Amino acid sequence: MTLGVPDVGAVASYYEDFGLRRVGDRPGRGLVLATAEGGEQLALRPSERRRLLEIGIGADDLDDLGRVEAGLRRLGVEFERGAGSLRVRDPNSALQVSVQVGPRITEAAAKQEPTNGPGRADRPNGRAPAIERVDRVRPRRLGHVVIGSLDQEASQRFFTEGLGFKVSDRVPGLASFMRCSADHHNLLVQQAPVNFLHHTAWEVDDVDEVGRGATAMLEGHPERHVWGLGRHHIGSNFFWYLKDPVGNFSEYYSDLDIILDDQLWKPSVVEGARGLYNWGPPPPPSFIQPEDLAALMTGSHAPKA
Ligand SMILES: [Fe+2]
């Protein structure tokens, strides 16, 4: 994905602290950072206000791309087709999407560490390996992106009927959790008064990495804290949200639901607080309504210089 930000240098340092690796300037893309297993997943470009400029979505093969093309035609959405790629703009959220044929991201299996429980000493005579970890937390990959759209239902149609995403769970009138992989969600579109990026989420090995990562980020930077530690109800993942220097939220997460067999997953409709979380501290108002939302709204209406 490509983020437009007012201060590329400060934002790049933040995501380096977050555990991404700085790759450097890539002509036409911007300043690029990489995850441990997802590769070059974040590009930063200068922009007057923070903006999600583009997301890239992988397709398995040309047949996939053909299905996307047919879906977009049915919706009457214009697109640009290349040899192994396709570029299109969601007319509702104004988000630029590039679909490209490429290999799937593969992740090495995380080690399963033994835990003790009542009546179950699976780790006798030893300390938890997690407390001995000293290496810095490195997100494996970008897992999902959450955006606000002026018309959530129309955006949902664009991503499902147009691009082939599947809906995993829904919060009626507010949000739909959509996937284009085995992850419970890769994209969430929320109803919002302005098109904006709410957060990006980066996968780490387990709940200890979520806690260790956030703790390290907050050292000397308490202003980065947004919300956590907690567990979501939708998607089941542990979460901790932090904030980059220009106001984008970034989430460490682990143990997200994985859907390998569509037939075995029953999408549900979730309402009330559970739409937000299962347990944890209550979300701060600024999580629901980011502090710069009014400024983003003003910015989006200001005449272009
Ligand atoms: Fe998330």
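Here, the structure is the one placed above.
Think of a pair of aromatic rings as described by two things: how far the centres are apart, and how the planes are tilted against each other in angle. A full pass over the atoms with the stated rule returns 15 aromatic pairs. Centre to centre, the rings of Phe-158 and Phe-159 are 4.9 Å apart; their planes meet at 85°, and the pair counts as edge-to-face. Assessed through its relative accessible area of 2%, Phe-158 is described here as buried. Through a chain of ring-to-ring contacts, the aromatic side chains of Trp-227, Phe-239, Tyr-241, Phe-249, Tyr-277 and Phe-287 assemble into a single cluster. Positioned over the ring face of Phe-238 is Arg-231, at 4.1 Å from the centre of the ring.

Moving on: the sheet that holds strand β12 (residues 187–191). The nine strands are arranged β14-β15-β16-β13-β9-β12-β11-β10-β17 in an open sheet whose pairing can be described as mixed. Since the sheet does not close on itself, it has two edges, and those belong to β14 (225–231) and β17 (268–269), each with one partner. The pairing of strand β13 (residues 196–203) with strand β16 (residues 249–254) spans five bridges and is parallel. Bridge pairing in β16 links Glu-203 to Tyr-253. The strands touched by helix α4 (residues 207–218) within the sheet are β14, β15 (238–243) and β16, with β15 carrying the most contacts at an inclination of about 15°.

Calculation notes
- Residues numbered from 1 in each chain as written.
- Predicted model: local features only at pLDDT ≥ 70, side-chain atom pairs only at ≥ 80, totals over all residues.
- Heavy atoms only, no water.
- Phe/Tyr/Trp six-rings, centres within 6.5 Å; stacked < 30°, edge-to-face > 60°.
- Buried < 20%, exposed > 50% of the residue type's maximum accessible area, 1.4 Å probe, protein only.
- Lys NZ or Arg CZ within 6 Å of the ring centre and 35° of its normal.
- Pairing = 2+ DSSP bridges.
- Helix = DSSP H or I, 4+ residues; strand = E, 2+ residues; numbered from the N terminus.
- Contact = heavy atoms within 4.5 Å.
- Axes fitted to C-alpha atoms, helices over the stretch in contact; angles between N-to-C directions.

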